[in-house]
Amino acid sequence: MDNRNNNNIGLNIEKSKKVADNLNDLLSNYQLFYMNLRGFHWNIKGKKFFELHLKFEELYNDALIKVDEIAERILTLSETPFHSFKKYLDSTEIKSVENVTDGEMAVDKILEALKTLLAKERRILTMASEANDEGTVALMSDYIVEQEKLVWMLSAYKS
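Below is a short write-up of the structure. (Residues numbered from 1 in each chain as written. Predicted model: local features only at pLDDT ≥ 70, side-chain atom pairs only at ≥ 80, totals over all residues. Heavy atoms only, no water.)

Formed by 43 residues in total, the largest nonpolar core has its most connected members in L23, Y30, F33 and I110. Those elements that place two or more of their residues in this core are α1 (13-43), α2 (49-76), α4 (103-130) and α5 (134-158). Ignoring any residue separated from it by four or fewer positions in sequence, one finds I110 in contact with F33, L37, F40, F56, L59 and L154. (Core = buried A, V, L, I, M, F, W, Y, C linked by side-chain atoms within 4.5 Å. Buried < 20%, exposed > 50% of the residue type's maximum accessible area, 1.4 Å probe, protein only. Helix = DSSP H or I, 4+ residues; strand = E, 2+ residues; numbered from the N terminus. Contact = heavy atoms within 4.5 Å.)

Here it is, written out as structure tokens:
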């Protein structure tokens, strides 16, 4: 077996690079999602303040963990994770949201972001599967299951 075309974990270098490039795109989107969640947590007002303040903190802590996991997966694939705000801003679909104090609007923005993240994660899952990259498949699968439930819960909250 010829290992010259494989990275340190035995995966095809070219396919792994494509997966890592898409993971960097996901990383950028997660960084903006994280920052937006922080802003929602800090600035939320109104009758549901206590409930939403705690929920937004839970969500941004989870997003921070995912940022680290995605960056480490990129490194595992022998590539370099983006690590500057310029790169994040240049490659994200999720846009910065400022001064949101209304809980309904914040939840709407979170649902929009989750729709973007889920689409990217599903694309990466398919790509990683085709590259026999079970580590990335498992990571994306876990994120998708968790976020689909979160979409359901946030949608029910708005009903």
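Turning to the pattern of salt bridges, a few remarks are in order. Taken as a whole and assessed by the stated rule, the structure comprises 12 salt bridges. A salt bridge links D21 to K17, with the shortest nitrogen-to-oxygen separation between them at 3.2 Å. Separated by four residues within a single helix, D21 and K17 lie in helix α1, roughly one turn from each other. Since its relative accessible area comes to 39%, D21 is described here as partly exposed. For K17, a relative accessible area of 39% gives the class partly exposed. Where K66 meets D62, a salt bridge forms, and the shortest distance between an N and an O atom there is 2.7 Å. Of this pair, K66 and D62 are both found in helix α2, four residues apart, which corresponds to roughly one turn of the helix. Taken together, the shared-partner salt bridges in this structure form one network comprising D25, E93, K120 and R123. (Salt bridge = Lys/Arg side-chain N within 4 Å of Asp/Glu carboxyl O.)

A separate point is unusual backbone geometry. Of note, S78 is a non-glycine position whose phi angle comes to about 70°, a positive value. As for its position among the elements, S78 is in the loop between α2 and α3 (85-91). In this structure S78 comes out as partly exposed when scored by relative accessible area, which is 36%. Look at N99: it is not a glycine, yet its phi comes out positive at around 60°. Topologically, N99 is positioned in the loop between α3 and α4. Residue N99 is classed as exposed on the basis of its relative accessible area, which comes to 66%.

Here we come to the packing of aromatic side chains. Counting across every chain of the model gives six aromatic pairs. Geometrically, the ring pair formed by Y34 and Y60 is edge-to-face, given 6.0 Å between the ring centres and 85° between the ring planes. Within this pair, whereas Y34 is found in helix α1, its partner Y60 is found in helix α2, the two being separated by 26 residues in sequence. Here Y34 matches Y60 in class, with each residue buried. Feature note: the residues Y30, F33 and Y143 constitute an aromatic cluster, connected by ring pairs. The ring centre of Y60 lies 4.1 Å from the NZ or CZ of R38, which sits over that ring. We note K66 situated over the ring of Y143; from NZ or CZ to the ring centre the distance is 4.8 Å. (Phe/Tyr/Trp six-rings, centres within 6.5 Å; stacked < 30°, edge-to-face > 60°. Lys NZ or Arg CZ within 6 Å of the ring centre and 35° of its normal.)

Another aspect to go through is the packing of α1 against α2. For any two helices packed against each other, the geometry comes down to the angle between their axes and how far apart the axes lie. It is the contact of α1 with α2, at a shortest axis distance of 9 Å, that shows an interaxial angle of 160°. Here α2 runs roughly antiparallel to α1, going by the angle between their axes. Considering the relative orientation of α1 and α2, their crossing is left-handed. Taken together, the residues of the contact of α1 with α2 sort by class into 18 nonpolar, four polar and four charged. (Axes fitted to C-alpha atoms, helices over the stretch in contact; angles between N-to-C directions. Parallel < 35°, antiparallel > 145°, perpendicular 65-115°, else oblique. Left-handed = near helix turned anticlockwise from the far one by under 90°. Nonpolar A, V, L, I, M, F, W, Y, C, P; charged D, E, K, R; others polar.)

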